[in-house]
Amino acid sequence: DGGITQSPKYLFRKEGQNVTLSCEQNLNHDAMYWYRQDPGQGLRLIYYSQIVNDFQKGDIAEGYSVSREKKESFPLTVTSAQKNPTAFYLCASRTGWNTGELFFGEGSRLTVL
Amino acid sequence: GESVGLHLPTLSVQEGDNSIINCAYSNSASDYFIWYKQESGKGPQFIIDIRSNMDKRQGQRVTVLLNKTVKHLSLQIAATQPGDSAVYFCAENGGNAGGTSYGKLTFGQGTILTVHP
């Protein structure tokens, strides 16, 4: 079945460690997105990519990094520079660069101990 | 800066009533809008979308209205059911090619809808 797969679903990290969240899609979508969601809050855009080897900062990119070496993959690294990384992270993709609905993964919940 | 916001953070209705969820947006260049439903611990699910050249679009039990004059978006759910209980988000898409928001999809804070049997 086509879809978006995020892993791991739950992740615990010690302060000062970098962690990488995986996002893979087999929908042949060009555009991919990473959002962060805090309890009782909306989704805030971290990074997005409209094509392989290109990506743009969203509204809260500080402390995060991404890569887009393959069309189907858009991993997000939460670095030690991110001061409050505990959150629910959602990856999404869509077929169009500037139109069309986003298809979301099931999310990764990161907890910093 | 650009923002998408909601007038009401919570909405409680009785089963069978109609629900209206509102959203304000500030980017006049936004050209496409989407409503999503999110259940606890899950990713958002698409409900309905509308382009800026339309003012109304209907789906199954849902209608989206767009008023560009006042930059307002609403989602109407007919005959609301307990299974409709969730958080509802509107999202706006960032506008024309060459603009700084091209391809950027921004979400509002969300409205919690609770449907009582």
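Right above here is the structure, for reference.
Residues numbered from 1 in each chain as written. Chains lettered and ligands numbered in written order. Predicted model: local features only at pLDDT ≥ 70, side-chain atom pairs only at ≥ 80, totals over all residues. Heavy atoms only, no water.

A. Quick peek at the overall build of chain A. The helix and strand inventory of chain A stands at zero helices and eleven strands. From first element to last, N terminus to C terminus, chain A shows the α and β order β-β-β-β-β-β-β-β-β-β-β. For 113 residues, the compact-globule formula gives about 13 Å, and the C-alpha radius of gyration of chain A, at 13 Å, lands near that figure. Seen along its three principal axes, the alpha-carbon backbone of chain A occupies a region of about 35 × 25 × 25 Å. Taken across its 113 residues, chain A has 50% of its residues classed as buried. Total accessible area on chain A stands at roughly 5400 Å², and carbon and sulfur atoms take up 48% of it. In chain A, which carries 12 positive and 12 negative side-chain charges, the distance between the mean positions of the two groups comes to 6 Å. (Helix = DSSP H or I, 4+ residues; strand = E, 2+ residues; numbered from the N terminus. Rg over C-alpha atoms; globule rule 2.2 N^0.38 Å. Buried < 20%, exposed > 50% of the residue type's maximum accessible area, 1.4 Å probe, protein only. Areas by Shrake-Rupley, 256 points an atom, 1.4 Å probe, with all protein chains shown as cover. Lys, Arg positive; Asp, Glu negative; His and termini not counted. Charge placed at Lys NZ, Arg CZ, Asp CG, Glu CD.)

B. Spotlight on the interface of chain B and chain A. Between chain B and chain A, the residue contacts involve 24 residues of the former and 23 residues of the latter. Between chain B and chain A lies a buried interface of about 1800 Å² when both sides are counted; carbon and sulfur atoms form 47% of it. Our count for the chain B to chain A interface comes out at one salt bridge. Counting across the interface, chain B meets chain A through seven residue pairs in polar contact (both at pLDDT 80 or more). (Contact = heavy atoms within 4.5 Å. Buried area = accessible area lost by both parts, 1.4 Å probe. Salt bridge = Lys/Arg side-chain N within 4 Å of Asp/Glu carboxyl O. Polar contact = N/O pair within 3.5 Å; in protein donor to acceptor, adjacent residues only side chain to side chain.)

C. Main features of the state of the cysteines. What the rule picks out here adds up to two disulfides over all chains. Between the sulfur atoms of Cys23(A) and its disulfide partner Cys91(A) the distance amounts to 1.9 Å. Negative torsions about the S-S bond denote left-handed disulfides, and the value of about -75° found for Cys23(A) with Cys91(A) makes this one left-handed. Of the two residues, Cys23(A) is situated in strand S3 (residues 19-25) and Cys91(A) in strand S9 (residues 87-94); the sequence distance between them amounts to 68 residues. Classification of Cys91(A) as buried rests on a relative accessible area of 0%. The partner cysteine of Cys23(B) in its disulfide is Cys90(B), sulfur to sulfur 1.8 Å. Torsion about the S-S bond of the Cys23(B) and Cys90(B) cystine: about 50°, corresponding to right-handed handedness. Residue Cys23(B) is located in strand S3 (residues 19-25), and its partner Cys90(B) is located in strand S9 (residues 86-93); the two are separated by 67 residues in the primary sequence. For the residue pair Cys23(B) and Cys90(B), the accessibility class agrees, reading buried in each case. (Disulfide = S-S within 2.5 Å.)

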